[in-house]
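As a plain string of letters, each chain reads:
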Amino acid sequence: MTLTTAIQTKISRRHFLKGVGASAAYTFLPQDFARLPAQTPILPPITIPPSLMLHSSDGGAEFLPRLLEHLHKDGFTAVTYQAWYKQVQDGHPLAKPVILSIDDISLAHSACASFNTFMQMKEWIKAAGMTAVYGVITEPVINEQPQREQDEARWDMMQAWIEEGFELASHTSYHSNFNAIDTGPRPDFTPADYEAEIVRSANLIEAKLAQRQLPYMVQTLILPYGSGYSYQHPKPQIHPGIMAACRQTNIKFVIGIPHGRQPQPITSFTNPNELVYLGRIPPAYLTDLNGQQYPDAGQTAAWLHSWQASFQQGR
Ligand SMILES: [Zn+2]
């Protein structure tokens, strides 16, 4: 059975999950496969869309429009984490999705020097018929002071972006680094710190949109600096404090940089209690004759293509 036919057979999937005793709180364990009747189809894992991490420094005219052209020519369809999640749940994931995420936007008053660049990036992406995920720092720290006052006009703009299909992710309140030196949790971080970074940030985004009569759930957390995932540990995982904070919100996806590219079991998506960790790649940076680094559109598109190709079903 191919991935597409397996997932499109929604009724069989429900039947399958029911058959193995899956419920909202049940996690399907590898040993459960042994208990399945021989004729029960085993569903293949879900392939993860290749995902690119962008910043305002990647918002130049010589890079982003060319990258979008390459992706279009390569047959990629841009999607957000939210939209892709819904497609997986509905049993109709896109054949060749790609997720573009753009970090470090802020709607705090006078706290986002690159706001015009973020707007330009969004216009190019929209003009190319694509979409993206913006990682919002809700209370960025400037001169050691969290900037709490929000720019309501910019939040009006965010409402319009979401209505056009863009996603807002939490990129935390203060953009702290969550990692100790071994990539495990920082010893000085308390549950209150995780709540301040994650719960308050997600709540603020949802509240600003609710004020505009837009019901919105923040389902994605983009980790600052890719920290918060202990990738150098023998059993890498999202830091437990981050998991606990995410479970107080609507967050389903935790986005870092390393790992998180392998296909994931379908139960990761059907079990509402399970957080899904996904990685990203940065753009391909080349060095010019003067030693200056610049992002290269062709090479970046090639990296995304090879991520996609390396986890094709059946390989
Ligand atoms: Zn960031």
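Since the model is a prediction, treat every value here as computed from it, not as a measurement.

1. So, the overall build of the protein
Helix and strand counts for the protein stand at 10 helices and 12 strands. Classification of the 315 residues of the protein by burial places 35% in the buried group. In the protein, the proportion of contacts linking residues at least 24 apart, taken out of those at least 6 apart, comes to 76%.

2. With respect to the confidence of the model for the protein
Model confidence for the protein is summarised by a mean pLDDT of 89, while 86% of its residues fall at 70 or above. Every residue in residues 1-28 scores below 50 in pLDDT, and together they form 37 contacts with partners more than four places removed in sequence or on other chains.

3. Here we look at the packing of helix α3 (residues 64-73) against helix α10 (residues 297-310)
Across the interface, α3 lies against α10 with an axial gap of 8 Å and an inter-helix angle of 40°. Considering the angle they form, α3 stands oblique to α10. In this structure, α3 crosses over α10, and the sense of that crossing is right-handed. Taking contact as the criterion, the partners of Arg66, Leu67, His70 and Leu71 in α3 are, on α10, Ala297, Gly298, Thr300 and Ala301. Residue composition of the contact of α3 with α10, by class: four nonpolar, three polar and one charged.

4. Focus: the pairing of strand β3 (residues 97-105)
Of all nine residues in β3, nine are buried, a share of seventy percent or more. Pairing of strand β2 (residues 77-78) with β3 involves two bridges; the strand directions are parallel. Opposite Ala78, over in β3, you have Val98 as the bridge partner. Bridging between β3 and strand β4 (residues 133-136) involves four bridges; their strand directions are parallel. Residue pairing in the sheet places Ile105 in a bridge with Val136 of β4. Regarding the hand of the β-α-β motif, the stretch spanning β3, helix α5 (residues 115-127) and β4 is right-handed.

5. Here's the deal with α5
End to end, α5 covers 18 Å across 13 residues, agreeing with the expected 18 Å (1.5 Å per residue, within 8%). When we look at burial in α5, the residues that qualify are Phe118, Met121, Lys122 and Ile125. Along the axis of α5, the buried residues cluster in a sector spanning 100°; they form a single face. Of the exposed residues in α5, the ones pointing more than 90 degrees away from its buried face are Asn116, Glu123 and Ala127. The inward-facing, buried residues of α5 contact α3, β3 and α6 (152-163).

6. Considering the packing of α3 against α5
Packing of α3 against α5 brings their axes to within 10 Å, and their N-to-C directions diverge by 25°. By the criterion of interaxial angle, the relationship of α3 to α5 is roughly parallel. Crossing angle aside, the handedness with which α3 passes α5 is right-handed. Residue-level inspection shows Leu64, Pro65 and Leu68 of α3 in contact with α5, the latter providing Met121, Trp124 and Ile125.

7. Here we look at the nonpolar core
Leu100, Tyr134, Leu221 and Val254 are the most contacted members of the largest nonpolar core, which totals 58 residues. With six residues, the single largest contributor to this core is helix α7 (residues 191-210).

Each value, and the rule that gives it
Sequence order as written defines residue numbering, which begins from 1 separately in each chain. In view of the model being predicted, local features appear only for residues whose pLDDT reaches at least 70, and side-chain atom pairs are presented and counted only at 80 or more, with totals across whole chains, interfaces and linings using the full set of residues. What counts as a helix is a DSSP run of H or I of at least four residues, what counts as a strand is a run of E of at least two, and both are numbered from the N terminus. Partly exposed residues are those falling between the two cut-offs: more than 12 but fewer than 20 other C-beta atoms within 10 Å of their own, whereas 20 or more means buried and 12 or fewer means exposed, with C-beta atoms placed from the backbone. Residues are defined as contacting one another if the C-beta atoms placed from their backbone atoms lie within 7 Å. Confidence of the prediction at every residue is given by pLDDT, a number between 0 and 100. Every angle, taken between N-to-C directions, lies between 0 and 180 degrees, and every axis is a line fitted to C-alpha atoms, over only the stretch in contact when it is a helix. Put simply, angles under 35 degrees are roughly parallel, angles over 145 are roughly antiparallel, angles from 65 to 115 are roughly perpendicular, and the rest are oblique. Take the far helix as the reference: if the near one is turned anticlockwise from it by less than a right angle, the crossing is left-handed, and if turned clockwise, right-handed. Only Asp, Glu, Lys and Arg are considered charged, only Ala, Val, Leu, Ile, Met, Phe, Trp, Tyr, Cys and Pro nonpolar, and every remaining residue, Gly among them, polar. When DSSP finds two or more bridges between a pair of strands, those strands are recorded as paired. Look down the strands so they point away from you; if the path from the first strand over the helix to the second goes clockwise, the crossover is right-handed. Working rule for helices: expected span equals 1.5 Å times residues minus one. Directions are taken from the helix axis to each C-beta atom, and the arc is the one they span. Here, a nonpolar core denotes buried Ala, Val, Leu, Ile, Met, Phe, Trp, Tyr and Cys residues that are linked to one another through C-beta atoms within 7 Å.

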